[in-house]
Amino acid sequence: MTDSTGTVKFYVVGDSAVTNASFEISGDAVSNVISWKNIHFKEPPVPFASLGEAYDRNGDGVLDSIAVVFNKPFDETIPDTVAWSFGSDDWHTIASTQNISMLMQDEKSLAICHDSMASEVFTGGAKELYQGSFRYHYTYMDKETGQMTQLSLDGLAIEDRMGAILTDKPIVKPISEDANKLTVYISEATQGSVLNGMQFLEFKDKSGELVDPSKISVIVVTPAKNSNYYDVLFQKTENTVLPEVGFMVRLIPGVLPDLNGNLPHVDNPWRRIEGEQRVNMEFPGVVAINPADFTPEKWPHKEDVVPVRVDVSKKLEDIIAERGFPGELIKFDLSEVGKSLLLNSDEPREVVLSKAKIKWEVRYFSNLGHYVNSEKGEVLCSDKKVFGTDCVDRPGNVLLEWNGHTNKGRWVGSGIYIAKLKFKIISDGNVVGDIDEIFTLGIRRSEKRKK
Ligand SMILES: [Ca+2]
Ligand SMILES: [Ca+2]
């Protein structure tokens with residue numbers, strides 16, 4: 001430290017006995033070189049900390065143990081204060097020789113252990129190797145001088161011994177018919193470059209079953225270097241599945257090393273995949289309608305097109321054969337949007353689920369382009385009319401069922417019609433999927449059995 005007179009004061013602390021040591025002090029700002037020779041150190045009277053290590057014993061990504069090894073047994077000389085800092089600028093201090101002697105693991109090491117020593121997940125540096133710090137203080141009797149002596153020591157690094165975990169929330173995005181991109185965010189920089197194509201993520205499907213690794217096909221991982229996130233591109237083939245919204249993912253224990261070579265813990269946490277789902281449609285070909293069968297019980301609605309929940313396992317042709325009306329099937333799992341919102345909100349269930357919705361519009365024209373009819377509306381996940389309870393409780397696809405009437409309330413005739421269908425999937429105000437399609441629809445009216 002330089003004071004106002006330009007005098008520099010410093011201490012030299014040796015951690016073992018030396019004789020005839022020397023050192024020099026020089027610098028760009030000073031012209032002279034100071035040499036100090038014939039230095040003799042006696043054995044330091046107190047134990048010096050030689051190694052500090054930070055651990056995550058339970059694998060949740062939160063610090064729960066710091067171990068410090070000293071160069072010799074404490075015997076009678078135990079620090080009266082120790083302090084550590086890891087993952088933030090905060091210093092955590094433990095005072096009194098009595099408290100510190102309770103941290104003794106053996107004659108020359110201390111361990112500070114309790115759950116959640118930090119307030120948040122931190123396992124290492126986001127870009128570079130991270131080290132924490134350790135300080136300690138002794139008050140001891142110098143046997144040669146007979147005086148009580150204070151000695152304050154710092155500068156010991158606490159090494160990162162914590163493996164990486166995935167942080168909230170992995171995001172998936174369909175990028176083509178048969179490929180999904182998954183972005184995973186990692187609690188610290190990891191060495192993706194050493195993987196050489198080895199898989200480092202494992203999955204559970206929507207039913208909670210572990211996905212066989214051979215059923216996962218990775219095309220490419222970017223960036224191909226040390227990083228605290230990766231974009232992983234997956235391909236769907238005959239034998240593989242795509243990770244999608246509602247799957248769980250985590251780091252495979254023991255594979256992806258952090259910058260210090262630590263590997264993911266056996267209990268590193270699973271994260272639910274969120275993001276965009278693939279949206280699919282099914283259109284009918286030719287639909288036979290029978291006006292003679294039409295009753296107010298069969299169509300109790302005011303509107304000519306209404307959304308109806310149907311089981312995911314049912315095909316459109318079977319649904320139409322059963323119900324007797326044309327319609328378009330929106331194949332989309334709105335329940336996963338609802339679940340994502342529920343996980344990220346403290347509001348009442350119904351309020352949260354009303355933010356997961358399908359905004360739709362369908363318009364019908366004759367094959368000459370004349371307007372026939374149209375409707376638009378919204379299906380909310382919380383819609384009791386559609387789902388009975390809500391879409392998380394009773395997931396299903398949505399059929400936009402048309403009663404085959406014009407906007408003037410008359411039956412349409414047999415023939416080819418043009419349908420324009422637009423819909424958007426909305427999650428708390430954000431569009432997470434949309435479709436805008438035109439298709440043709442054949443109507444065949446049968447007037448038989450009319451009484
Ligand atoms: Ca922990
Ligand atoms: Ca680490």
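Heads up: the structure comes first, above all this text.
Worth saying up front: this structure is predicted, and the values here are computed from it rather than measured.

Peer 1: Explanation requested: the nonpolar core in the structure shown.
Peer 2: Nonpolar side chains tend toward joint burial in soluble globular proteins. Ile358 and Cys381 are the most contacted members of the largest nonpolar core, which totals 43 residues. In contact with Cys381, not counting residues within four places along its chain, are Leu334, Val337, Gly338, Leu353, Ala356, Lys357, Asp390, Cys391 and Val392. In this structure, Val232, Phe234, Val249 and Leu256 belong to the second largest nonpolar core, which totals 21 residues.

Peer 1: Please explain the sheet that holds strand 19 (residues 280-282) as it appears in this structure.
Peer 2: Strand order in the open sheet formed by 4 strands is 19-22-25-21, and the pairing between neighbours is antiparallel. Either end of the sheet is taken by a strand with one partner, and the two such strands are strand 19 and strand 21 (305-310). Strand-to-strand twist across the sheet, computed as the mean angle between neighbouring axes with direction ignored, equals 25 degrees. Bridge analysis of strand 22 (residues 327-331) against strand 25 (residues 397-402) gives 4 bridges, and the strand direction is antiparallel. Counterpart to Glu328 in the pairing with strand 25 is Leu400.

Peer 1: How should I be thinking about the sheet that holds strand 24 (residues 371-380) in this particular structure?
Peer 2: Across a sheet, paired strands are connected by hydrogen bonds in the backbone, their directions being either parallel or antiparallel. Spatially, 5 strands are ordered 20-27-26-23-24 in an open sheet, and the strand pairing comes out mixed. One side of each edge strand has no neighbouring strand; the edge strands of this open sheet are strand 20 (286-289) and strand 24. Averaged over all neighbouring strand pairs, the angle between strand axes comes to 25 degrees, with direction disregarded. Summarising the sheet, strand 23 (residues 356-366) and strand 26 (residues 415-427) pair through 11 bridges and their orientation is antiparallel. Bridge pairing in strand 26 places Lys357 opposite Ile426. Here helix 3 (residues 334-343) sits on the sheet in contact with strand 23, strand 26 and strand 27 (430-445), set at roughly 150 degrees to strand 23.

Cut-off values and rules
- Residues numbered from 1 in each chain as written.
- Chains lettered and ligands numbered in written order.
- Predicted model: local features only at pLDDT ≥ 70, side-chain atom pairs only at ≥ 80, totals over all residues.
- Core = buried A, V, L, I, M, F, W, Y, C linked by C-beta atoms within 7 Å.
- Buried ≥ 20, exposed ≤ 12 C-beta atoms within 10 Å, placed from the backbone.
- Contact = placed C-beta atoms within 7 Å.
- Pairing = 2+ DSSP bridges.
- Helix = DSSP H or I, 4+ residues; strand = E, 2+ residues; numbered from the N terminus.
- Axes fitted to C-alpha atoms, helices over the stretch in contact; angles between N-to-C directions.

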